[in-house]
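Each chain, letter by letter, is given below.
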Amino acid sequence: MSLASQDTTTYSTFEDDDPTKEREAEAMLEYIEKFNELFEEGLYGEAALHAANSPGGILRNPGTLSRFKALPVIPGQPSPLLQYCEALMSSVSAVSIKPNAEVSWECVACALDEDRLDLVMYWIAQERLTYSLELGHLLSDYSRHKDPTTTDQCLALAQTVYSKLKEHRLVVLCMLRQKRYHSLIEYTQKKANFTEDDYLGLLEESPTLELAMLLGKPRTESEGETIVSTEEVVATLIRGGHGDVGLRTLQEIHAEYPSGAEFGSLKQLVFRPMSSLDTWKEIVTTCQENAWFEIGVELLAAVTVRDAIGKAIETASLIKGIINQNSV
């Protein structure tokens, strides 16, 4: 073998047996052994900190979390799992490693189980978590059957998660449950690209006068246009068993835009080209059944006139067709 070949072989052997890499591997093994010692001695707080600050994040994983999760909880004390979760989150800045989505979910679930919503609020504010749909759902579900303050806090956190994930419809549902209707409308118009059916679906979820007015009331800044056709807003409420809210919506509109107003009156709403005459007739019937005579008479007059005009146009068109056919 030539000298050059011998040199190459020697260099390759040194590279394979890099002492730096060997020392790093030994240091990691010692680090893991130290963790195991602390864990087996029941020093869970120290073991949690040791694992959270492990080199390369080798102990910041679901496997380590499972070991803490399997430990018994002593009443009146934070669970070993919560200690590990807190250690993970507090060390994110130092190690520049966020827990993955699975571990983030487990940490939040643990904090919620132990009524430490304050920790979750801090972790999200400090951006210590990896977000996922499952995490958003966890927070949204936790908000149910809680006191109003806790509910709003959880929904706000879920909204943050969904917003980061660009899940716009889920963001809107969080706003809806918080009754933040004005913010909801603004958000849908900028980001969510909602259709009329989408808005009516929200109204079915939250059949309130405030939301009905935001959707179906003529807007001054757009010369009487509405986000959703007024008759569909009212009819949706009636069909959903909330006729009183629907009729109050009409009453509010009538009070603000009485007969003779420049735009927005009930008569003008009935005469809109795209409005449904059949739906307006359904609303008139409900007004009559519930003794809302002022609104009912106003609508009935407009519906009757529009119906008559429509029939007259239809008849004229039919006669014209017959004349043209005979002339041929």
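Our structure's up above, just so we're on the same page.
Calculation criteria
Residues numbered from 1 in each chain as written. Predicted model: local features only at pLDDT ≥ 70, side-chain atom pairs only at ≥ 80, totals over all residues. Heavy atoms only, no water. Patch = residues over 30% accessible without salt bridge, like charges linked within 9 Å, V, L, I, M, F, W, Y side chains within 5 Å. Areas by Shrake-Rupley, 256 points an atom, 1.4 Å probe, with all protein chains shown as cover. Salt bridge = Lys/Arg side-chain N within 4 Å of Asp/Glu carboxyl O. Lys, Arg positive; Asp, Glu negative; His and termini not counted. Charge placed at Lys NZ, Arg CZ, Asp CG, Glu CD. Helix = DSSP H or I, 4+ residues; strand = E, 2+ residues; numbered from the N terminus. Buried < 20%, exposed > 50% of the residue type's maximum accessible area, 1.4 Å probe, protein only. Contact = heavy atoms within 4.5 Å. Phe/Tyr/Trp six-rings, centres within 6.5 Å; stacked < 30°, edge-to-face > 60°. Lys NZ or Arg CZ within 6 Å of the ring centre and 35° of its normal. Expected span 1.5 Å × (residues − 1). Axes fitted to C-alpha atoms, helices over the stretch in contact; angles between N-to-C directions. Parallel < 35°, antiparallel > 145°, perpendicular 65-115°, else oblique. Left-handed = near helix turned anticlockwise from the far one by under 90°. Nonpolar A, V, L, I, M, F, W, Y, C, P; charged D, E, K, R; others polar.

**Q** In this structure, what is going on with a negative patch on the surface? I would like to understand it.
**A** On the surface, Glu22, Glu26, Glu30, Glu33, Glu37, Glu40, Glu41 and Glu46 cluster together into a negatively charged patch. With six residues, the single largest contributor to the negative patch is helix H2 (residues 19-40). Checked against the element boundaries, Glu41 lands in the loop between H2 and helix H3 (44-52). What makes Glu41 exposed here is its relative accessible area of 57%.

**Q** For this particular structure, what's the right way to read the side chain of Gln178?
**A** The topology assignment puts Gln178 in the loop between helix H11 (168-177) and helix H12 (181-192). Contact partners of Gln178, with chain neighbours within four places excluded, come to Asp152, Leu155, Ala156 and Gln159.

**Q** Please clarify how the packing of aromatic side chains should be interpreted in this entry.
**A** Aromatic ring pairs are reported here in terms of the distance separating the ring centres and the angle at which the planes meet. As enumerated under the stated definition, the model contains seven aromatic pairs in all. Each ring, one from Phe35 and one from Phe39, has its centre 5.8 Å from the other, and the planes form 45°; the classification is tilted. Of this pair, Phe35 and Phe39 both sit in helix H2, four residues apart, which is roughly one turn of that helix. Looking at Phe35, the relative accessible area reads 2%, which means it is buried. Their ring planes at 40° and their centres at 5.9 Å tell us that Tyr257 and Phe263 sit as a pair that is tilted. Its relative accessible area of 7% is what places Tyr257 among the buried residues. Here the aromatic residues Phe35, Phe39, Tyr44, Phe68 and Tyr84 are joined through ring pairs into a cluster of three or more. The positively charged end of Arg67 is found above the aromatic ring belonging to Phe39, 4.3 Å away from the centroid.

**Q** For this particular structure, what's the right way to read helix H18 (residues 277-289)?
**A** An α-helical segment advances 3.6 residues per turn. Residues three or four places apart therefore align on the same side. In this model, H18 (13 residues) spans 19 Å end to end at C-alpha, consistent with the 18 Å of a helix rising 1.5 Å per residue. Looking at H18, one finds that the buried residues are Leu277, Thr279, Trp280, Ile283, Val284, Thr286 and Cys287. With its phi angle positive at about 60°, Ala291 sits one or two positions after the end of H18.

**Q** Quick question: what am I supposed to make of the packing of helix H4 (residues 62-69) against helix H7 (residues 101-113) here?
**A** For any two helices packed against each other, one specifies the inter-axial angle together with the distance between the axes. Close contact between H4 and H7 brings their axes to 10 Å; oriented N to C, the two are set at 20°. Considering their axes alone, H4 and H7 lie roughly parallel with respect to each other. Considering only the axes of H4 and H7, their crossing is left-handed. Packed against H4, whose contacting residues are Pro62, Leu65 and Lys69, the element H7 presents Glu102, Val103, Glu106 and Cys107 at the interface. Classifying every residue of the contact of H4 with H7 gives four nonpolar, no polar and three charged.

Note that all results are geometric; they support no functional claim without further evidence.
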